[in-house]
Amino acid sequence: MTERVNLLEFTLPRLAEWFALQGEKPFRAKQVFRWIHQRGADDFDAMTDLAKSLREKLRETAEVCSPALLSEHRSADGTVKWLFAAGTGNGVETVFIPEDDRGTLCGSSQVGGALDCKFCSTGRQGFNRGRGVAEIIGQLRFANRRLERLQAEGLPARLDCAAACPRPVPSRARCLRRRRHAPRAPPARARCSRSPR
């Protein structure tokens, strides 16, 4: 059996190239990209505007695969840490840190870190390697889904953003649209801990 391609690795132009190599029209890449990144789908059968034959072909040749979750830990202050498998016995953490008026999601772009971060086990490992696009996007997709589920279940007060925010937490699609039209900010410097306000 041929190894399946993880579609989380592709930007839209690269996905269009991949679809062309599969003998498919470029608009199919846009459809699949929307299903994956705006609707959060990882099951080709859920992509109902694709032809059944294309969905079958995708099941054979491709996948939408996030890193495997090893553990989840919730602290009394509402902080949530997820540990994901990173291969060869390594793991990386993604951490949600709630604050009174917002939440911060810290994701790992490397396996291990060179900054010796004190609150994250990833930073204490020492640098091993950079992570692939699918690994990075996959951890963020997981955190987004999990936080939506926790909110629906009735979160502890510190995690319940709805109580602190004047409007509901935006969906992934609305958030992506809002970001596209927002003015560009200068790139932020990497930090391992919260700075004083």
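**Here's the deal with helix α2 (residues 26–37)**
With 12 residues, α2 should reach 16 Å at 1.5 Å per residue; the first-to-last C-alpha distance of 17 Å fits that figure. The set of residues buried in α2 consists of R28, A29, Q31, V32, W35, I36 and H37.

**Quick notes on the packing of aromatic side chains**
Taken as a whole and judged by the stated rule, the model has four aromatic pairs. Geometrically, the ring pair formed by W82 and F142 is edge-to-face, given 5.8 Å between the ring centres and 80° between the ring planes. Placement of W82 in strand β4 (residues 80–85) and of F142 in helix α5 (residues 133–153) is noted, with a sequence separation of 60 residues between them. Take W82: its relative accessible area is 0%, and that puts it in the buried class. For F142, a relative accessible area of 22% gives the class partly exposed. Put simply, the rings of F10, W18 and F19 pair up and form one aromatic cluster. The ring centre of W35 lies 4.1 Å from the NZ or CZ of R39, which sits over that ring.

**Let's talk about the environment of L58**
Positionally, L58 belongs in helix α3 (residues 52–61). The exposure class assigned to L58 is buried, which follows from its relative accessible area of 2%. When near neighbours in sequence (up to four residues on either side) are disregarded, L58 contacts W18, F19, V32, F44 and L50.

**Quick look at the nonpolar core**
If you look at the biggest cluster of nonpolar residues, it comprises 19 residues, and the most contacted ones within it are L7, L15, W18, F19, V32, M47 and L58. Ranked by the residues each element gives to this core, the list is headed by α2, at four residues. What M47 contacts, discounting residues up to four positions off in sequence, is V32, W35, I36, A41 and R55. Counting residues in hydrophobic clusters, the runner-up holds 10 residues, among them W82, F84, V111 and L150.

**Description of the pattern of salt bridges**
The final tally for this structure, using the stated rule, is nine salt bridges. The partner of R4 in a salt bridge is E63, and the shortest N-O contact between them spans 3.6 Å. In this pair, R4 is assigned in the segment before β1 (5–6) and E63 in strand β2 (residues 62–63), connecting sequence segments 59 residues apart. Overall, the relative accessible area of 34% leaves R4 in the partly exposed class. When its relative accessible area of 23% is taken as the criterion, E63 is described as partly exposed. Its salt-bridge partner being R74, residue E72 comes within 3.2 Å of it at the nearest N-O pair. The exposure class assigned to E72 is partly exposed, which follows from its relative accessible area of 30%.

**As for the packing of helix α1 (residues 12–21) against α2**
Two elements in contact, α1 and α2, have axes whose closest approach is 8 Å; the angle formed by their N-to-C orientations is 125°. As summarised for this structure, α1 and α2 are arranged oblique, according to the angle between their axes. Of the two possible hands of crossing, α1 and α2 adopt the one that is right-handed. On α2, the residues that touch L12, L15, A16 and F19 of α1 are R28, A29, K30, V32 and F33. Of the residues contributing to the contact of α1 with α2, the split by class is seven nonpolar, no polar and two charged.

**A closer look at the confidence of the model for the protein**
On average, residues of the protein score 74 in pLDDT, and 68% of them reach the 70 mark or higher. This stretch, residues 156–197, has a pLDDT under 50; its non-local contacts, to residues over four places away or in other chains, come to 38 contacts.

Scoring rules and cut-offs
Along every chain, residues carry numbers that run from 1 in the direction the sequence is written. Totals for whole chains, interfaces and linings use all residues, but because this is a predicted model, local features are given only for residues with pLDDT of at least 70 and pairs of side-chain atoms are given and counted only at 80 or more. Water and hydrogen atoms play no part in the side-chain values, which are based on all heavy atoms of the structure. Here a strand is any run of E in DSSP of at least two residues, a helix any run of H or I of at least four, and the numbering for each starts at the N terminus. Between the first and last residue of a helix there are one fewer steps than residues, each counted as 1.5 Å, and that sum is the expected span. Each residue's exposure class comes from its accessible area (1.4 Å probe, protein chains only) as a fraction of the maximum for that residue type: buried when under 20%, exposed when over 50%, partly exposed otherwise. Ring geometry is summarised as follows: Phe, Tyr and Trp rings, the Trp one being its six-membered ring, pair when their centres sit within 6.5 Å, and such pairs are stacked at plane angles under 30 degrees, edge-to-face over 60 and tilted between the two. Either the NZ atom of lysine or the CZ atom of arginine qualifies as a charge over a ring when it sits within 6 Å of the ring centre and within 35 degrees of the ring normal. The contact criterion used throughout is that any non-hydrogen atoms of two residues lie within 4.5 Å. By convention a nonpolar core is built from buried Ala, Val, Leu, Ile, Met, Phe, Trp, Tyr and Cys residues, the set being connected through side-chain atoms within 4.5 Å. Salt bridge criterion: a side-chain nitrogen from Lys or Arg within 4 Å of a carboxyl oxygen from Asp or Glu. For every element, the axis is a line fit to its C-alpha atoms; helices are fit only across the contacting stretch, and the angle between N-to-C directions ranges from 0 to 180 degrees. Should an angle lie under 35 degrees it is considered roughly parallel, over 145 roughly antiparallel, and from 65 to 115 roughly perpendicular; all remaining angles are considered oblique. Put simply, a crossing is left-handed when the front helix is turned counterclockwise from the back one by less than a right angle, and right-handed when it is turned clockwise. Just so you know the grouping, Ala, Val, Leu, Ile, Met, Phe, Trp, Tyr, Cys and Pro go in nonpolar, Asp, Glu, Lys and Arg go in charged, and all remaining residues, Gly too, go in polar. Here pLDDT means the predictor's own confidence in every residue, given as a number from 0 to 100.

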